[in-house]
Amino acid sequence: MARRVVTGVSASSKPVIVSDGEPPRTHQCVHTPGHARALVWNTTAPATPSADPTASLKSFVPAPGETIALTVTFPPSSVYAAPGFDPAAAAAEQLATSPGLAELFEPDNPGMHTTPTVDYGVVLSGEIVLDLDGGETAVLGPGDIVVQNGTRHAWRVTGTEPATMFFVLIGADGTP
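Criteria and thresholds
- Residue indices follow the written sequence of each chain, beginning from 1 at its first position.
- Per-residue local features are limited, in this predicted model, to residues with pLDDT of at least 70; the limit for side-chain atom pairs, both in listing and counting, is 80 or more; totals at the level of whole chains, interfaces and linings are taken over all residues.
- Hydrogens and waters are ignored; side-chain quantities use all the structure's heavy atoms.
- We count a stretch as a helix when DSSP gives it H or I for four or more residues in a row; a strand needs E for two or more, and each element gets its number in order from the N terminus.
- Our radius of gyration is a C-alpha quantity, and the globule rule it is checked against amounts to 2.2 Å times the number of residues to the power 0.38.
- Note on contacts: a residue pair is in contact if any heavy atoms of the two residues lie within 4.5 Å.
- For the area figures, the Shrake-Rupley method with a 1.4 Å probe applies, and any residue is considered shielded solely by the protein chains shown.
- When charges are tallied, Lys and Arg are placed among the positive residues and Asp and Glu among the negative ones, while His and the ends of the chain are skipped.
- For charged residues, the charge sits on one atom: NZ in Lys, CZ in Arg, CG in Asp, CD in Glu.
- Burial status follows relative accessibility: with a 1.4 Å probe on protein chains alone, a residue under 20% of its type maximum counts as buried, one over 50% as exposed, and anything between as partly exposed.
- Any two strands with at least two DSSP bridges between them are considered paired.
- Axis geometry follows a simple rule: fit a line to the C-alpha atoms, using only the stretch in contact for helices, then measure angles between N-to-C directions, giving values from 0 to 180 degrees.
- Working definition of a nonpolar core: buried Ala, Val, Leu, Ile, Met, Phe, Trp, Tyr and Cys residues. They are joined through side-chain atoms within 4.5 Å.
- Classification of ring pairs uses Phe, Tyr and Trp, with its six-membered ring standing for Trp, and accepts pairs whose centres are within 6.5 Å; under 30 degrees between planes counts as stacked, over 60 as edge-to-face, and the remaining range as tilted.
- For this document, the term salt bridge refers to a Lys or Arg side-chain nitrogen within 4 Å of an Asp or Glu carboxyl oxygen.

Would you explain the overall build of the chain in this entry?
Assigned secondary structure in the chain consists of two helices and 11 strands. Seen in sequence order, the chain has helices and strands lined up from the N terminus as β-β-β-β-β-α-α-β-β-β-β-β-β. The C-alpha radius of gyration computed for the chain amounts to 17 Å, which stays within 12% of the reference 16 Å derived for 176 residues, consistent with globular compactness. Principal axes of the C-alpha set define a box for the chain whose edges measure 55 × 35 × 30 Å. When contacts within the chain are restricted to residue pairs at least 6 apart in sequence, long-range pairs at least 24 apart make up 64% of them. Here the chain has roughly 9,400 Å² of accessible surface; of this, 60% comes from carbon and sulfur atoms. Looking at charge distribution, the chain has the averaged site of its 8 positive side-chain charges lying 11 Å from that of its 17 negative ones.

Can you walk me through the environment of Gly 143 in this structure?
Mapped onto the secondary structure, Gly 143 falls in the loop between strand 8 (137–140) and strand 9 (145–149). The exposure class of Gly 143 is exposed, given its relative accessible area of 51%.

Please clarify how the sheet that holds strand 8 should be interpreted in this entry.
Either a parallel or an antiparallel arrangement is found when strands of a sheet pair, and the pairing is made through backbone hydrogen bonds. Spatially, the three strands line up as an open sheet ordered 8-7-10, and their pairing is antiparallel. Each edge of the open sheet carries a strand with a single partner, namely strand 8 and strand 10 (153–156). Neighbouring strand axes in the sheet, compared pairwise and without regard to direction, differ in orientation by 20 degrees on average. The pairing of strand 7 (residues 128–132) with strand 8 spans four bridges and is classified as antiparallel. If you follow Asp 131 over to strand 8, its bridge partner there is Thr 137.

Even after reading the chapter, I still don't get unusual backbone geometry, so can you show me in this structure?
Negative phi is the rule for most residues except glycine; trans is the rule for most peptide bonds. With omega at -5 degrees, the peptide bond leading from Ala 45 into Pro 46 counts as cis. For Pro 46, the position within the fold is in the loop between strand 4 (36–43) and strand 5 (67–74).

In this structure, what is going on with the side chain of Thr 54? I would like to understand it.
Within the element layout of this structure, Thr 54 appears in the loop between strand 4 and strand 5. Note on Thr 54: relative accessible area 0%, which makes it buried. Excluding residues that lie within four positions of it along the chain, Thr 54 makes contacts with Arg 4, Pro 24, Arg 25, Leu 39, Val 40, Trp 41 and Asn 42.

What exactly am I supposed to notice about the nonpolar core here?
Among soluble globular proteins, nonpolar side chains are generally buried collectively. Counting residues in each nonpolar core, the largest one holds 20 residues, and the members touching the most others are Leu 70, Phe 74, Ile 128, Leu 140, Trp 155, Met 165 and Phe 167. Of all the secondary structure elements, the ones that give two or more residues to this core are strand 5, strand 7 and strand 11 (163–171). Among residues more than four places away in sequence, those in contact with Phe 167 are Ile 68, Ala 69, Leu 70, Val 72, Phe 74, Tyr 120, Gly 121 and Trp 155.

Any chance you could explain the packing of aromatic side chains here in plain terms?
Remark: the centre distance and the inter-plane angle together describe each pair of aromatic rings, the angle taken between the planes. Following the criterion strictly, the structure yields three aromatic pairs and no others. Taken together, a centroid distance of 6.3 Å and an interplanar angle of 40 degrees make the contact between Phe 74 and Trp 155 tilted. A residue pair is termed long-range when its members are at least 10 positions apart, and Phe 74 in strand 5 and Trp 155 in strand 10 qualify at 81 residues. Put simply, the rings of Phe 74, Trp 155 and Phe 167 pair up and form one aromatic cluster.

Quick question: what am I supposed to make of the pattern of salt bridges here?
Where charged atoms from two side chains of opposite charge approach closely, those side chains can pair. A complete count under the given rule lists four salt bridges for this structure. Arg 4 is the partner of Asp 52 in a salt bridge, and the nearest nitrogen-oxygen pair spans 2.6 Å. Highlighted residues: Asp 52 in the loop between strand 4 and strand 5 and Arg 4 in strand 1 (residues 4–9), separated in sequence by 48 residues. Residue classification places Asp 52 among the partly exposed positions, given a relative accessible area of 35%. Overall, Arg 4 belongs to the buried group, its relative accessible area being 7%.

Listed below in structure tokens is the structure:
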């Protein structure tokens with residue numbers, strides 16, 4: 001998973017590193033092998049420097065003006081077609097580990113969802129397909145950046161290797 005380095009200010013008003021390591025809310029999915037998530041940071045509105053807020057985050061969908069930064073590793077689509085894959089167990093795991101966000105995924109159209117956010121997504125590794133509701137797709141690779149503007153979409157890994165992305169979700173008012 002991702003290494004997170006967080007800075008702060010010491011009691012003597014000097015800049016210091018206050019933590020260095022894996023984000024505390026990191027989850028390797030049991031029911032969707034290869035799927036992982038790490039909540040890197042979040043802010044409330046207005047954003048202010050603070051102690052680590054990730055442990056107390058209630059929803060993975062930020063309110064207007066708030067932000068969430070996270071990494072997500074997407075497994076190959078073949079994982080979902082494997083004989084032992086249990087969609088109900090995977091959905092329950094997502095609800096427990098991604099509150100607020102997991103509820104937005106459409107059960108009748110796996111992977112499709114819409115969030116009231118503007119998201120900046122950067123592909124860190126692998127190849128992933130952005131699948132839009134209107135039928136358009138974009139194949140993305142390492143270094144590619146997506147601005148996901150509150151539209152209905154899904155992420156799909158059509159190859160055999162997982163893809164990892166870094167996202168910053170910014171809570172927005174309404175949808176386009």
